[in-house]
Amino acid sequence: FANRTYEGLTNDQVVGTELAGWFPEPQRPAVQSLLNRVFTSGRAETSKYTIPNPQGEMRSYTTTIAPILVDGRATAAALTAIDTTGRQKAEEQLKAALAEKEVLLKEVHHRVKNNLIALTYLIEMQAETVEDSEVLDELEALQGRVKAMGLVHEKLYRTENLDQIDFGEYL
């Protein structure tokens, strides 16, 4: 039986055809080997292939080839194919978007890190011009708080799980 999902083919166009003939020449030996395993073992196997549909458009399929047993012996095979082209394209787009986000996250991390370092040095430069010990103490405390922010930022950047960090390790 062939359903209408496979590009409008009829049962007569599918049933009784040689399965390996549906695959491009370079893939036929692998398909034939898979068929041999299915017929020998009597167990179904699932694989992924990219093959042209009847209109020649390359599509990705997840296929399951199951033996049809007669008196305990495999005499034919049934093929179930699920078109996964859309899912595969969506996965590729997600991977590309994730890679882009990782690059952007690294860039933001470096910018924040550089800004905190610059702020620390600006406070240090200001402290060199101050003679009042109280103001100097406040500037040193401020510099310590900026460095602490930098440590938290670095810890968050390096952690796998952003919803929690090891505070004891931070301290």
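Residues numbered from 1 in each chain as written. Predicted model: local features only at pLDDT ≥ 70, side-chain atom pairs only at ≥ 80, totals over all residues. Heavy atoms only, no water.

1. Brief notes about the sheet that holds strand β2 (residues 58–70)
The strand order across the open sheet built from three strands is β1-β2-β3, with neighbouring strands paired in antiparallel fashion. Each edge of the open sheet is held by one strand with a lone partner, namely β1 (45–52) and β3 (73–83). Within this sheet the neighbouring strands show an average axis-to-axis angle of 35 degrees, counted without direction. Here 10 bridges tie β2 to β3, and the two strands are oriented antiparallel to one another. Its bridge partner lying in β3, A66 is registered against A78. Helix α2 (residues 28–41) rests against β1, β2 and β3 of the sheet, and its axis sits at about 155 degrees to β1. (Pairing = 2+ DSSP bridges. Helix = DSSP H or I, 4+ residues; strand = E, 2+ residues; numbered from the N terminus. Axes fitted to C-alpha atoms, helices over the stretch in contact; angles between N-to-C directions. Contact = heavy atoms within 4.5 Å.)

2. Notes on the nonpolar core
Within the largest apolar cluster, 11 residues are counted, these being L19, A20, F23, V31, L34, L35, V38, Y49, I51, Y61 and I65. When contributions to this core are tallied by element, the ones reaching two or more residues are α2, β1 and β2. For this core, the leading source of residues is α2, giving four residues. In this structure, V38 is in contact with R43, E45, I65, A66 and P67, ignoring residues within four places of it in sequence. Formed by six residues, the second largest nonpolar core is a distinct cluster that contains L116, I123, L139 and V146. (Core = buried A, V, L, I, M, F, W, Y, C linked by side-chain atoms within 4.5 Å. Buried < 20%, exposed > 50% of the residue type's maximum accessible area, 1.4 Å probe, protein only.)

3. A short note on α2
Every α-helical turn comprises 3.6 residues, leaving residues that sit three or four positions apart pointing alike. Look at α2: 20 Å from first C-alpha to last across 14 residues, which is about the 20 Å you get at 1.5 Å a residue. Of all the residues in α2, the buried ones are V31, L34, L35 and V38. The buried side chains of α2 occupy one side of the element, clustering within an arc of 100 degrees when seen end-on. Turned more than 90 degrees from where α2 packs its buried face, P29 and T40 sit exposed. In the segment just after α2, G42 is the residue with positive phi, at about 75 degrees. (Expected span 1.5 Å × (residues − 1). Arc of directions from axis to C-beta.)

4. Quick look at the confidence of the model for the protein
In this model, the protein carries an average pLDDT of 85, and 91% of its residues clear a pLDDT of 70 or more. Per-element confidence in the protein ranges from a low mean pLDDT of 68 for helix α5 (residues 167–170) to a high of 93 for helix α3 (residues 85–128). (pLDDT = per-residue confidence, 0-100.)

5. Let's talk about unusual backbone geometry
Backbone geometry places D71, a non-glycine residue, at a positive phi of 55 degrees. Positionally, D71 belongs in the loop between β2 and β3. Taking relative accessible area as the criterion, D71 reaches 82% and is therefore assigned exposed.

6. Quick look at the side chain of Q143
With respect to the helices and strands, Q143 occurs in helix α4 (residues 133–158). The buried category is assigned to Q143, whose relative accessible area is 12%. A polar atom in the side chain of Q143 sits 3.5 Å from the side chain of E124. Residues in contact with Q143, not counting those within four places in the same chain, are T120, I123 and E124. (Polar contact = N/O pair within 3.5 Å; in protein donor to acceptor, adjacent residues only side chain to side chain.)

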